[in-house]
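Below, each chain spelled out in residue letters.
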Amino acid sequence: MTPDVRPLVAGNWKMNGTRAALDQIKAIAEGVDGPLAEKVDALICPPATLLYVATALSTDSALMIGAQDCHQDQSGAHTGDLSAEMIADCFATYVIVGHSERRSDHAETDHLVRAKAEAAYAADLTAIICIGETADERKSGQTLEILKRQLAGSVPDSANAETTVIAYEPVWAIGTGLTPTVDDVEKAHAFMRAELVARFGDAAKTMRILYGGSVKPGNARELMGIANVDGALIGGASLKASDFLAIYGAYEVLTA
Ligand code: PEP
């Protein structure tokens with residue numbers, strides 16, 4: 001955790017969820033409507049097909065809704081893509097950019113991720129910019145070098161703590177049940193904080209840096225209690241309302 005930073009617990013549903021899954025959104029929207037909502041933000045990023053209905057379902061709740069990707073252009077001949085403006089038009093307020101699955105499945109570069117984050121800002125969306133090393137990069141001791149390069153390349157010069165959230169997601173920890181040690185997470189997050197402060201000044205002291213990669217109800221409290229870890233980006237465990245709410249609920253103890 002970071003002093004004076006409001007944590008964010010965010011779920012990334014990826015390509016999962018049909019209308020039947022809206023029950024989970026409803027349950028999450030109800031579940032986050034307690035006293036903890038005064039201290040902790042909650043966000044679900046469902047597939048684009050559910051965005052508009054999901055925002056309607058959570059209108060009267062503290063739950064926020066986001067998208068999983070956006071195109072860098074405002075509009076045009078880009079079959080199958082969504083613009084940031086379209087996402088905002090669904091009343092969503094966040095968008096994930098540069099997730100490792102987008103980087104690997106769609107060959108997205110840091111340069112493109114930066115352009116997508118800029119498109120998000122232009123539509124008044126908060127961008128969650130994902131970075132993280134692969135298993136091979138970690139084995140060869142390049143973790144911090146990769147984080148430095150991805151932060152420099154993917155985060156726009158105009159980023160600030162209101163418009164931008166960084167998500168550190170070691171690629172090898174995503175969907176594998178593996179997580180880095182507490183010490184490794186602490187070192188990576190301290191390094192990212194220092195890089196951000198060196199570039200953006202004191203304002204970056206409150207920019208949220210999430211940890212993502214196999215966060216579950218059983219390890220949430222330990223991971224989110226680490227210095228400079230300002231919340232979580234959760235894949236698999238966010239699909240079930242009870243698991244997402246258990247992770248969110250870890251902050252009852254952490255913020256007590
Ligand atoms: C993710 O893909 O953003 C992620 C963190 O997935 P999981 O929690 O399933 O590892």
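Further up the page is the structure itself.
Values in this document were obtained by computation on a predicted structure and should not be read as measured data.

### What to know about the sheet that holds strand E4 (residues 94-97)
Taking strand neighbours around the barrel as the criterion, the 8 strands line up as E1-E2-E3-E4-E5-E6-E7-E8 in a closed arrangement whose pairing is parallel. Strand-to-strand twist across the sheet, computed as the mean angle between neighbouring axes with direction ignored, equals 25 degrees. Sheet topology note: the strand E2 (residues 41-45)/strand E3 (residues 63-67) ladder contains 3 bridges and is parallel. Each bridged residue has a counterpart across the sheet, and for Ala-42 the counterpart in E3 is Leu-63.

### Thoughts on the nonpolar core
Membership of the largest hydrophobic core comes to 69 residues, with the highest contact counts inside it found for Val-9, Leu-63, Ile-129, Ile-166 and Met-192. Ignoring sequence-local partners within four residues, the contact set of Ile-166 consists of Ile-129, Ile-131, Leu-151, Val-155, Met-192, Leu-196, Met-207, Arg-208, Ile-209 and Leu-210.

### Looking at the environment of Gly-177
For Gly-177, the location among the structural elements is in the loop between strand E6 (164-168) and helix H8 (182-200). Overall, Gly-177 belongs to the exposed group, its relative accessible area being 54%. Here the alpha-carbon distance between Gly-177 and Ser-214, two residues 37 residues apart in the chain, equals 5.0 Å.

### Re the pattern of salt bridges
All told, the structure shown has 17 salt bridges when counted by the stated rule. Note that Asp-41 and Arg-6 form a salt bridge whose closest N and O atoms lie 2.7 Å from each other. Pair noted here: Asp-41 is in strand E2 and Arg-6 is in the segment before strand E1 (8-12), with a separation of 35 residues, a long-range link. Asp-41 sits in the buried class, given a relative accessible area of 14%. Given the relative accessible area of 32%, Arg-6 is considered partly exposed. Asp-157 is the partner of Arg-199 in a salt bridge, and the nearest nitrogen-oxygen pair spans 2.7 Å. Taken together, the residues span a long stretch of sequence, with Arg-199 in helix H8 and Asp-157 in the loop between helix H7 (143-154) and E6 at a distance of 42 residues. Note on Asp-157: relative accessible area 57%, which makes it exposed. Sharing partners across several salt bridges, the network here consists of Asp-69, Arg-102, Glu-108 and Lys-116.

### Points about the packing of aromatic side chains
Applying the stated criterion across every chain yields a total of 2 aromatic pairs. Consider the rings of Tyr-168 and Tyr-211, whose centres lie 6.3 Å apart with planes at 70 degrees: the pair is edge-to-face. Residue Tyr-168 is found in strand E6, and its partner Tyr-211 is found in strand E7 (residues 208-212); the two are separated by 43 residues along the sequence. Here Tyr-168 falls in the buried class, since its relative accessible area comes to 1%.

### A closer look at helix H10 (residues 241-254)
Helix length check: H10, at 14 residues, gives a terminal C-alpha distance of 20 Å against a target of 20 Å (1.5 Å per residue), a fit within 8%. Every buried residue of H10 is listed here: Ala-241, Phe-244, Ile-247, Tyr-248, Ala-250 and Tyr-251.

Rules of the game
Residues numbered from 1 in each chain as written. Predicted model: local features only at pLDDT ≥ 70, side-chain atom pairs only at ≥ 80, totals over all residues. Heavy atoms only, no water. Pairing = 2+ DSSP bridges. Helix = DSSP H or I, 4+ residues; strand = E, 2+ residues; numbered from the N terminus. Axes fitted to C-alpha atoms, helices over the stretch in contact; angles between N-to-C directions. Core = buried A, V, L, I, M, F, W, Y, C linked by side-chain atoms within 4.5 Å. Buried < 20%, exposed > 50% of the residue type's maximum accessible area, 1.4 Å probe, protein only. Contact = heavy atoms within 4.5 Å. Salt bridge = Lys/Arg side-chain N within 4 Å of Asp/Glu carboxyl O. Phe/Tyr/Trp six-rings, centres within 6.5 Å; stacked < 30°, edge-to-face > 60°. Expected span 1.5 Å × (residues − 1).

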